[in-house]
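Single-letter residue listing:
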Amino acid sequence: MLEARELSKSYGAVKALDTVSFRAVGGEVIAIVGDNGAGKSTLLKVLSGAITHDTGQLRVGGELVDFRSPHDAEQVGIEAVYQDLALVNTLDVGSNIFLGREIPRKGMAGRIGLIDRRAMRREGREALRDLLGVEFPTMRRTVEMLSGGQRQAVAIVRSASRLEQRGRGVILLDEPTAALGVAQRQRVGMLIKRLASKGHLVVIVSHDLPTVFELASRIFVMRLGRLVTELHANDSDLSTLVGLITGAIEPTDITKVVADDDATASSDINRSSRGTK
Amino acid sequence: MATADTTKVVEADDAVSAPVRALQIGRDYGIGGFFFLLLLIFSLASPTFLSGPNLLGILTAASVVSLFALAEALVVIAGAIDLSVVPIAALVGVIVALSLNAGIPVWLAVLIGLGVGFLCGLLNASVIEFMNMSSLIATLATLTTLTGVVLLITNGKPIFGVTALAPLGQGRTLGVQNPILVMIATYALVGIVMSQTKFGNRLLAVGGNAEAARRAGVRRRFYVFAPFVACGVISAGAGIVVLGRLGSAQPTFANSILFDAITAVALAGVLLSGGRGSILKVLLGSLIVATIANGLVLLRVSSFWTYVTTGLLLAVAVWADGAVSRAIERTSLSTEHRKEAARA
Ligand SMILES: Nc1ncnc2c1ncn2[C@@H]1O[C@H](COP(=O)(O)OP(=O)(O)OP(=O)(O)O)[C@@H](O)[C@H]1O
Ligand SMILES: [Mg+2]
């Protein structure tokens, strides 16, 4: 349902994305790993419409899409939690969770654009509790007053609750647990599994490799803007993955593993990784 | 179990942030306290200050400044600035006066005036958005250009004999001057829009963090244009009120009106970096500016001192706002460090 073909994006001389291709379907959890600056966030931002790619194609549900803004991506069911969280510090928690989807008042008042702040606070609080088990004593507090972990919780809940209102969608999570405590990490893990079991596609970027193995079925390894290989979580291990990320192991060393893969996806990747040499 | 843990952490955070709360209260209610203090000082210093007619006089004086301040506040909330509010009002005054003198009905002339304000705002926003200019420079260009345009149209001379708008500018309803009622009505409308509607919420979001708002699915460009257009229309309204009050269209207004308006906005704590703002406080800020001018006159202080006072007030207001915000940040950061230390 989500298919990227030869996506490229340059920042001046830096090739942040270099002919990245992959395919993923609803119900899957896929992980993108790689060293700092490998291009993971850039890939996610292209998928969410936050930035536009230079060349390549993107398809959602078989349809070619051309995102001009995150608004366009939202229309086809793509939600994202960004590494920098992208919250408005000067607004309160409720307004942030419902920004762009404000709850209208009932009846005539709602039709002329009045919003129900109390409902936004109440439903925001419930979503935070139900999805992540986080209790916020006051939803009136502006985001600038929150701790790093609380902000992350707000960002995750915002995207997850929007996704839950749709039949099927995609959620892109960039380092969603970096600032979270142990209990909240587990809750995020549970949330990811639940979203996938409902048929959503979950794409997660993380440096937390054990968690990646636990959650993802497939793991994409990026290096210098390229998607160098893809691993199945079941038949791989931590040391192989670390080797691939750092470059100690070349993808060609493990082609046997990749050869078992879904034909189209892996052949694309093999072609592009051979191209480097 | 996990849930219980979190609850505790969050509560603890709340308990330690008491100094932050105190600072916030200072930031949120400081302006009200200051206004009260001002009233107290002037009423002690001058026996006539608290009289009904004088207070109504302050309100009347505030009515025009407060409209400019409101127009400016919307742009500042959106993270920009508009220096062209006064010449927009002057241009609108002239065009409405010419229209009325040409026999155009009042309602249509007013509509034309507001339309001109709309177009001026549209122009400002277009230059900023499509020519990638800072609002400061773009509206400075508008300020200068429009000033010249008005002088060209009028040949530098006032247009006299505009009586049709006298009821608006000089009339009273239930004993209250109509400009005061215009002020109250406009503030009520904009106040509701900013605090209760989707539009207000998104405008605040774009002003606070345009990129974050865009990523949340807000159509950023609309919220770049809207505040400038609203600012133009409200400035036009101010120009029409002034025309009604004076009975003539002046090609130039005093520069001090712009300074007063920006001072009122700064007093309201509408940070010049955007994203924050209480419309009620902008009204309070305007009243403070008008009260100081009035009080100093009552005390027979030279009007030159009004400039000095207003200027100092602007500096102190912005400084205090920044200092309090930084203190809040520092205090909440140190709270976080303490929490982290406690965890380790
Ligand atoms: N806005 C930008 N302007 C210029 N260069 C950029 C920009 N954004 C990213 N880059 C560059 O693109 C490359 C990929 O960056 P990206 O943020 O995608 O890395 P990442 O894999 O997410 O890293 P990390 O693990 O540190 O988050 C880096 O070399 C980075 O410097
Ligand atoms: Mg990143």
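Chains are numbered independently. Their residues run from 1 in the order of the written sequence. Lettering of chains starts at A and numbering of ligands starts at 1, both following the order in which they are written. Per-residue local features are limited, in this predicted model, to residues with pLDDT of at least 70; the limit for side-chain atom pairs, both in listing and counting, is 80 or more; totals at the level of whole chains, interfaces and linings are taken over all residues. To obtain the side-chain values, all non-hydrogen atoms of the structure were used and water was disregarded.

### Some points on the overall build of chain B
Tallying secondary structure elements over chain B gives 14 helices and 2 strands in all. Taken against the 2.2 N^0.38 rule, which gives 20 Å for 344 residues, the C-alpha radius of gyration of chain B at 22 Å falls within 12% of a compact globule. Expressed as lengths along the three principal axes of its C-alpha atoms, the size of chain B is roughly 80 × 55 × 35 Å. Surface accessibility follows the Shrake-Rupley procedure with a 1.4 Å probe radius. Residue values consider only the protein chains on display as shielding. Within the structure as shown, chain B displays about 15700 Å² of accessible surface, and the carbon and sulfur contribution to it stands at 71%. A run of H or I in DSSP becomes a helix once it reaches four residues, and a run of E becomes a strand once it reaches two; helices and strands are each numbered from the N terminus. The atom set for the radius of gyration is the C-alpha atoms, and the globule formula is 2.2 Å times the number of residues raised to the power 0.38.

### Observations regarding the overall build of chain A
When helices and strands are counted, chain A shows 11 helices and 10 strands. Scaling as 2.2 N^0.38, a compact globule of 277 residues should have a C-alpha radius of gyration of about 19 Å, and chain A matches this with 19 Å. For the C-alpha atoms alone, the extent of chain A along its principal axes is close to 60 × 40 × 35 Å. For every residue, the accessible area obtained with a 1.4 Å probe (protein chains only) is divided by the maximum for its type, and the residue is called buried under 20%, exposed over 50%, and partly exposed between those limits. Burial statistics for chain A: of 277 residues in total, 58% are counted as buried. Should any heavy atoms of two residues lie within 4.5 Å, those residues are considered in contact. Looking at chain A alone, contacts between residues at least 24 apart form 66% of all its contacts between residues at least 6 apart. Split by element, the accessible area of chain A, about 11500 Å² in all, is 50% carbon and sulfur.

### Concerning the site of ligand 1
Residues and elements named next belong to chain A. In this text, near means that some heavy atom of the residue lies within 4 Å of the molecule or strand in question. The full set close to ligand 1 counts 13 residues, and Asn36, Gly37, Lys40, Ser41 and Thr42 are the nearest of them. Take Gly37: an N or O atom from its main chain is 2.8 Å from an oxygen atom of ligand 1. Here ligand 1, which alone exposes 640 Å², has 63% of that area covered by the protein. Those elements giving two or more residues to the shell around ligand 1 turn out to be β2 (14-24) and α1 (40-48). Broken down by element, the residue count for the shell around ligand 1 peaks at 3 residues, all from α1. In protein, a polar contact requires one atom able to donate a hydrogen and another able to accept it; more generally it is a pair of N or O atoms within 3.5 Å, and residues adjacent in sequence count only if both atoms are side-chain atoms.

### A word on the side chain of Glu72 of chain B
Residues and elements named next belong to chain B. Structurally, the position occupied by Glu72 is in helix α3 (residues 52-77). For the buried Glu72, no salt bridge is present, and the opposite-charge side chain at shortest range is Arg276, 17 Å distant. From its side chain, Glu72 meets the backbone nitrogen of Asp82 in a polar contact 2.9 Å long. Residues in contact with Glu72, not counting those within four places in the same chain, are Ile81, Asp82, Val85, Cys231, Leu258, Ile262 and Val265. Only four residue types enter the tally: Lys and Arg on the positive side, Asp and Glu on the negative side; His and the chain ends are excluded. By salt bridge we mean one thing: a side-chain nitrogen of Lys or Arg within 4 Å of a carboxyl oxygen of Asp or Glu.

### A few points about the pattern of salt bridges
Tallied over the entire structure, the rule returns 23 salt bridges over all chains. With its nearest N and O atoms 3.0 Å apart, the salt bridge here joins Glu129 of chain B to Arg221 of chain B. Of this pair, Glu129 of chain B sits in helix α5 (residues 106-130) while Arg221 of chain B sits in helix α11 (residues 220-246); the two residues are 92 residues apart in sequence, bridging distant segments of the chain. Look at Glu129 of chain B and you get buried, because its relative accessible area is 15%. Connected through shared salt-bridge partners, Glu74, Glu79, Arg101 and Arg162 of chain A make up one network.

### Structural notes on the environment of Phe130 of chain B
Residues and elements named next belong to chain B. Tracing the chain through its elements places Phe130 in helix α5. Phe130 gets classed as exposed once you look at its relative accessible area, which sits at 52%. The sequence separation of Phe130 and Ala266 amounts to 136 residues, and the corresponding C-alpha distance is 28 Å. For Phe130, the contacting residues outside a window of four places in its chain are Arg221 and Phe225.

### Remarks on the sheet that holds β2 of chain A
Two strands in a sheet stick together by hydrogen bonds in their backbones, pointing the same way (parallel) or opposite ways (antiparallel). Residues and elements named next belong to chain A. The strand order across the open sheet formed by 4 strands is β2-β1-β4-β5, and the pairing between neighbours is antiparallel. Taken across any chain shown, the strands that pair with only one partner, and hence form the sheet edges, are β2 and β5 (63-65). Each strand axis lies, on average, 30° off the axis of its neighbour in the sheet, ignoring direction. If DSSP finds at least two bridges between two strands, the strands pair. Pairing analysis gives 7 bridges linking strand β1 (residues 2-11) to β2, with the strands arranged antiparallel. Note on geometry: axes are C-alpha line fits, over the in-contact stretch for helices, and angles between N-to-C directions span 0 to 180 degrees.

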